[in-house]
Amino acid sequence: MQQSQSFVSGTGTMFGGNESGAWALAGGRYGTAAPGASLVDLGLSRGLETDAVLELSATLATSGAGGFVFDRYADDDYKFVVIDAAAHAVLIGHVSPKGGFTVDASYARTINSGTDYTLALRLKGTSASVSLGGQVVGGFVYNAVAVDGDFGLLASRGGTSFASAAVKTSDSAFYVPHSAMMATAPAETASGPTLTQSELDAAAQFAITAWSEALGEGSTLLAALDGASFGIADLDGAELGFPSGNTVLIDTDAAGWGWFVDTSPASSGEFRVRLDRNIFAAVPGSEAYGYMDLVTVVEHEVGHLLGFEHGDAGDYAVMRESLDLGVRYALDPAPAAPVAPAFDAYAGYANPGGGVNAGIGWQAEIGGGWEVKLSPYDTGRPDKGASNLAPFNLDLLAKLGAQKQGAEFHSMGRALLGKGAISR
């Protein structure tokens, strides 16, 4: 699991743990002028597993010393890695009730006050490895596992502010193989802008509202959404999103395909092609075409928080486990009885003159209307002229029509053959 936070729109889901010091947001940064710690909350009721790998990274500036706190059990019992502007060094150390502040390892580096630096820490078992600006600095081996205590951001001395931070861990609590919504395949190369927290927050608000309307405001299931949070993560492979505890994680770039961020999700105006009762496709040329639909993925993961699984897709199409480019699953529950397929796709392309139909080979006459002889749907009937394609089997259509007349009959077939063509 990997989760990141840029602090542009808020502290987000990652820093909901205990904090000491006067931490605040200002100018797109998160920091404090006084010493203190702001801890990560991953929604676990326990510390990380002792065999888990933990990686922390951040871009920060300090006028004194700041960085990471880890393996923390109390205000006077923790370990740390900081960049120190006064000492011009990267320090690895610990604080204990008996020994106080102790530097376990020091690595000389030029650290200028108020200048941003990218600091990274990797913890595995008893060892801590540190890098600065992408270059390995050094490490230290403790006499006990260093990953099972609290962890987060640290201002050790003077003012420290963070432009961004990220957490990555291999803890098994974040492995949810049956709850992740998957892209049908990951992109070979990433495309499109990455998701922002404000975009995700808007999609989450819509998804919660949509589920509330679908279930009814009085549904007891909605209590599961109390305290739910939403974060952006660099998920593995084709994963688009999955729930972790009471947090929904959404992939930063939709498995490399890029997200369609719908600013008016209630209308679904870009998804005018109906593929099935509750499944719609984006119109070619629309903003949603060729991208993954953020609304569908967030609604899917909210469904998991409510207790629904992929097996509930028969009732709620949005609970399907995979998603294609340019497709939206509607949240409306499917009817109990099956219905005939709707061919709204044809209705959307009925006018060959332009609009959403531009580029579709309907072969209209130059003067407008249809040139039946050249149409790919030419029936070959004598009263419609010669045909250059194999004719429709009207006898078969007549037999089908005897069993399936009226509104349920294929709307495209009626439009192409005429309403009386199947009943002689």
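What counts, and at which threshold
- Residues numbered from 1 in each chain as written.
- Predicted model: local features only at pLDDT ≥ 70, side-chain atom pairs only at ≥ 80, totals over all residues.
- Heavy atoms only, no water.
- Phe/Tyr/Trp six-rings, centres within 6.5 Å; stacked < 30°, edge-to-face > 60°.
- Helix = DSSP H or I, 4+ residues; strand = E, 2+ residues; numbered from the N terminus.
- Lys NZ or Arg CZ within 6 Å of the ring centre and 35° of its normal.
- Expected span 1.5 Å × (residues − 1).
- Buried < 20%, exposed > 50% of the residue type's maximum accessible area, 1.4 Å probe, protein only.
- pLDDT = per-residue confidence, 0-100.
- Contact = heavy atoms within 4.5 Å.
- Axes fitted to C-alpha atoms, helices over the stretch in contact; angles between N-to-C directions.
- Parallel < 35°, antiparallel > 145°, perpendicular 65-115°, else oblique.
- Left-handed = near helix turned anticlockwise from the far one by under 90°.
- Nonpolar A, V, L, I, M, F, W, Y, C, P; charged D, E, K, R; others polar.
- Core = buried A, V, L, I, M, F, W, Y, C linked by side-chain atoms within 4.5 Å.

Visitor: So what about the packing of aromatic side chains? Which residues, and what values?
Guide: Taken as a whole and judged by the stated rule, the model has ten aromatic pairs. Each ring, one from W23 and one from Y30, has its centre 5.2 Å from the other, and the planes form 35°; the classification is tilted. Consider the rings of F80 and F101, whose centres lie 4.9 Å apart with planes at 15°: the pair is stacked. With a gap of 21 residues between them, F80 in strand β8 (residues 77-84) and F101 in strand β10 (residues 100-108) connect regions that are remote in the sequence. Cluster of aromatic residues (ring-pair linked, three or more members): F7, W23, Y30 and F162. Geometry around Y142 places K79 over its ring, the cationic atom sitting 5.1 Å from the centre. Above the plane of the ring of Y329 lies R320, whose end atom (NZ or CZ) is 5.8 Å from the centre.

Visitor: Explain helix α2 (residues 294-305) residue by residue, including any values.
Guide: Along its twelve residues, α2 runs 17 Å from first to last C-alpha, staying within 8% of the 16 Å computed at 1.5 Å per residue. The element α2 is extensively covered by neighbouring structure, given that twelve of its twelve residues are classed as buried. What α2 keeps buried is the set L294, V295, T296, V297, V298, E299, H300, E301, V302, G303, H304 and L305. Immediately beyond the C-terminal end of α2, within one or two residues, lies G307, with a positive phi of roughly 105°.

Visitor: Hey, could you go over the confidence of the model for the chain for me, with residue numbers and the actual values?
Guide: With 75% of its residues at a pLDDT of 70 or more, the chain has an overall mean of 79. In the model of the chain, helix α3 (residues 344-348) stands out as the element of lowest mean pLDDT, 40, in contrast to β8, which has the highest, 98. Here residues 334-414 is modelled with pLDDT under 50, and outside its nearest four sequence neighbours on either side it reaches 85 contacts, counting other chains as well. Considering only residues more than four positions removed or in separate chains, one finds that residues 419-424, a stretch of pLDDT under 50, has ten contacts.

Visitor: Run through the packing of helix α1 (residues 197-215) against α2, naming residues and quoting values.
Guide: Put simply, α1 and α2 touch, their axes get as near as 9 Å, and they point 55° apart. Our classification of the angle between α1 and α2 gives oblique. When you trace α1 past α2, the crossing you get is right-handed. Of α2, the residues touching α1 (which contributes E199, L200, A203, A204, F206, A207, A210 and W211) are L294, V295, V298, E299, V302 and G303. Tallied by class, the residues present in the contact of α1 with α2 amount to eleven nonpolar, one polar and two charged.

Visitor: So, the nonpolar core: which residues are in play, and what are the values?
Guide: By size, the foremost hydrophobic cluster in this structure holds 40 residues, and its most contacted members are L121, F151 and L153. Listing elements by their share of this core, those giving two or more residues are β6 (53-62), β7 (65-74), β8, β9 (89-96), β11 (117-124), β12 (127-132), β14 (150-157) and β15 (160-169). In terms of nonpolar packing, the next biggest core, distinct from the first, is built from 37 residues, A204, A207, V248 and I279 among them.

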